[in-house]
Amino acid sequence: MNPARSSALHQRNRLLLRTAAQSRRALTTSIPVASPSSSLPSSGNGHGHGKAFNSSLAVESIARSDPAEFATINQFETSQIFPEPISPIKQHEKLVQSGVLRSDDHQIRIVGKLQRFWEQVLKYNSPPIPEARTSDSLISRLFSRTPPVPGTAPASAPKGLYLYGDVGTGKTMLMDLFYQTLPPSITRKRRVHFHAFMIDAHKRIHATKLLMGHSGGDPIGPVARDLAKEAYVLCFDEFQVTDIADAMILRRLLEGLMDHGVVCVITSNRHPDDLYKNGIQRSSFIPAIELLKSRFEVTDLDSGTDYRRIPRALSHVYYHPLTPENKAEIDKIFNSLTCSTPTAALQDPVIENRPITTWGRTLRVPLSTSKVARFSFEEICGRPLSAADYLEVTKQFGTLFITDVPKMGMDRKDMARRFITFIDACYESKASSCTRIFVSSEVPIYQIFSDDSAGSGKGISDHMRSVMDDLGLSPEVVGSSSMFSGDEEIFAFARACSRLVQMGSREWAETASQ
């Protein structure tokens, strides 16, 4: 067994033994349960009425037996759980007044565009989605009552929004402002990082091809229909195209979604004309670019204000160097989160090698509860894991511990690339809920890729210096790295450093703990 893992388990077991008697008493303590006749509405995210209507079957039973009572309950709950929606402009004003955001004239103009799009979406009625055809014979097509697959987007569909700008221009904040102010009545909505969306799309396309069998056919149409059935409002964060497999299917997939009445908000670092630049067979991607420019209002967010440069109070989540004291501190935090109470420790114990499945493969998590996982750097980056694996890890666990991160040079370039992909996955998980991370490293976490002393700033290229400046990074803080070459690699390296800074902030830690 890994010595660090053995030490962590030993400490935790000692805590459990010390409190065994308390654990037994805690388990026998009765917990009050709300009465079925409770008049208080449920505090959960469902639509139940108190504890009595915790299941949809109970609600359906009441609806059948007493429609009048069901209507009264439904009206009461709607007013309690679904209050009058607040618009993007009003929410933005609240955030400015509370000090969360700073007033910015350029951003206010962009919020105005979001407001207009939001109002159009509220008035928009998406068309019905046709069911999948079980037969393509002439007779079945003649007598089928299923609406035909649309060939063009409905005329009533609002034009989408494509917001682009450098890192730090507030793209994600604006998208969240739009998505979070959509009223609860719009249930078919989805906010997703574009990379995660494409992984999902490729899985669905593969599954559809298997179902089609030898008869073949285009799987993208059925996939677009199924995606549209799940959500007619789609929000894509960090739209980028670097993979030829994505480039080849993107136009047909987007066109299929919009033909089914889906409306989108997209954020990106690049103008549509700059997507997939110098990519293989880029000429085949040009139609997708023209689609984005014709069906979206393309808006530049650059205003000269970098919102990430606004100072943030740092939270203590990064520990260096790799000393026994820092190891003990990491163990202490891990134990406090996995053994907060005797009852919690018994109900959700730390187990070794928990299996999680991604793309048909099994990934073993060295130490974890249902919400907290712990890896060494070698365990998370020393194996050939992909972005899909890391996204699945962040989906399963809200808090991650990564220990013993070394300073990386050319001999660890593959590991460095995986660590950058892992950091991106942690950062991108904020679409649902922020991933909280704790890291122990050989050098300050921002300098793990640096191949010179952080204070020297020597050997840094003009291009890397420019990228760091765009991201609000100081070469004196993160150092420089000759490990990465080419525009995309340099940008990915600098962005990972920027995200590590943001994920170490108190605001991030507080959001992740909610």
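That block above? That's the structure.
The structure presented is a predicted model; accordingly, all values stated were derived computationally and were not measured.

What follows covers the pattern of salt bridges. What the rule picks out here adds up to 19 salt bridges. Between R499 and E238 there is a salt bridge; the shortest N-O distance is 2.4 Å. Of this pair, R499 sits in helix α20 (residues 487-503) while E238 sits in the loop between β3 (233-237) and α11 (244-259), placing them 261 residues apart in sequence. The residues R499 and E238 share a single accessibility class, namely buried. For E255, the salt bridge is made with R251, and the minimal N-O distance between the two is 2.8 Å. Here R251 and E255 lie together in helix α11, a separation of four residues that amounts to about one turn. Accessibility expressed as a relative area gives 26% for E255, which makes it partly exposed. On the basis of relative accessibility, which here comes to 29%, the residue R251 falls in the partly exposed class.

If you trace the six strands from one edge of the open sheet to the other, you get β6-β11-β10-β9-β8-β7, paired in mixed fashion. If you trace the sheet from one side to the other, it starts and ends with β6 (318-319) and β7 (351-358), each paired once. Note: β7 against strand β8 (residues 361-368), seven bridges, orientation antiparallel. Within β8, the residue paired with P355 across the bridge is R364. Packed on one face of the sheet, helix α16 (residues 387-396) meets β7, β8, β9 (372-376) and β10 (399-405) and runs near 120 degrees to β7.

Take the packing of aromatic side chains next. The final tally for this structure, using the stated rule, is 13 aromatic pairs. Here the aromatic rings of Y390 and F422 are separated by 5.6 Å at their centres, their planes lie at 75 degrees, and the arrangement is edge-to-face. A residue pair is termed long-range when its members are at least 10 positions apart, and Y390 in helix α16 and F422 in helix α17 (residues 413-428) qualify at 32 residues. Neither residue differs from the other here; Y390 and F422 are each classed as buried. Three or more aromatic residues joined by ring pairs make a cluster, and in this case those are Y162, F194, F197, F236 and F239. R374 extends its terminal NZ or CZ atom over the ring of F334, reaching a point 5.3 Å from the ring centre.

As a further point, take the side chain of T399. Here T399 shows up in strand β10. Look at T399 and you get buried, because its relative accessible area is 7%.

What follows deals with the sheet that holds strand β1 (residues 160-164). Strand order across the open sheet formed by five strands is β2-β3-β4-β1-β5, with parallel pairing between neighbours. Two strands in the sheet have a free side with no partner beyond their single neighbour: β2 (189-193) and β5 (296-300). Neighbour-to-neighbour, the strand axes of the sheet open up by a mean angle of 10 degrees, direction not taken into account. Strand direction decides the pairing type here: β2 and β3, joined by five bridges, are parallel. By the bridge assignment, R190 is partnered in β3 with L234. Against the sheet, helix α8 (residues 171-180) makes contact with β1, β2, β3 and β4 (263-268), and its axis sits at roughly 165 degrees relative to β3, the strand it touches most.

Thresholds, definitions, all that
- Residues numbered from 1 in each chain as written.
- Predicted model: local features only at pLDDT ≥ 70, side-chain atom pairs only at ≥ 80, totals over all residues.
- Heavy atoms only, no water.
- Salt bridge = Lys/Arg side-chain N within 4 Å of Asp/Glu carboxyl O.
- Helix = DSSP H or I, 4+ residues; strand = E, 2+ residues; numbered from the N terminus.
- Buried < 20%, exposed > 50% of the residue type's maximum accessible area, 1.4 Å probe, protein only.
- Pairing = 2+ DSSP bridges.
- Contact = heavy atoms within 4.5 Å.
- Axes fitted to C-alpha atoms, helices over the stretch in contact; angles between N-to-C directions.
- Phe/Tyr/Trp six-rings, centres within 6.5 Å; stacked < 30°, edge-to-face > 60°.
- Lys NZ or Arg CZ within 6 Å of the ring centre and 35° of its normal.

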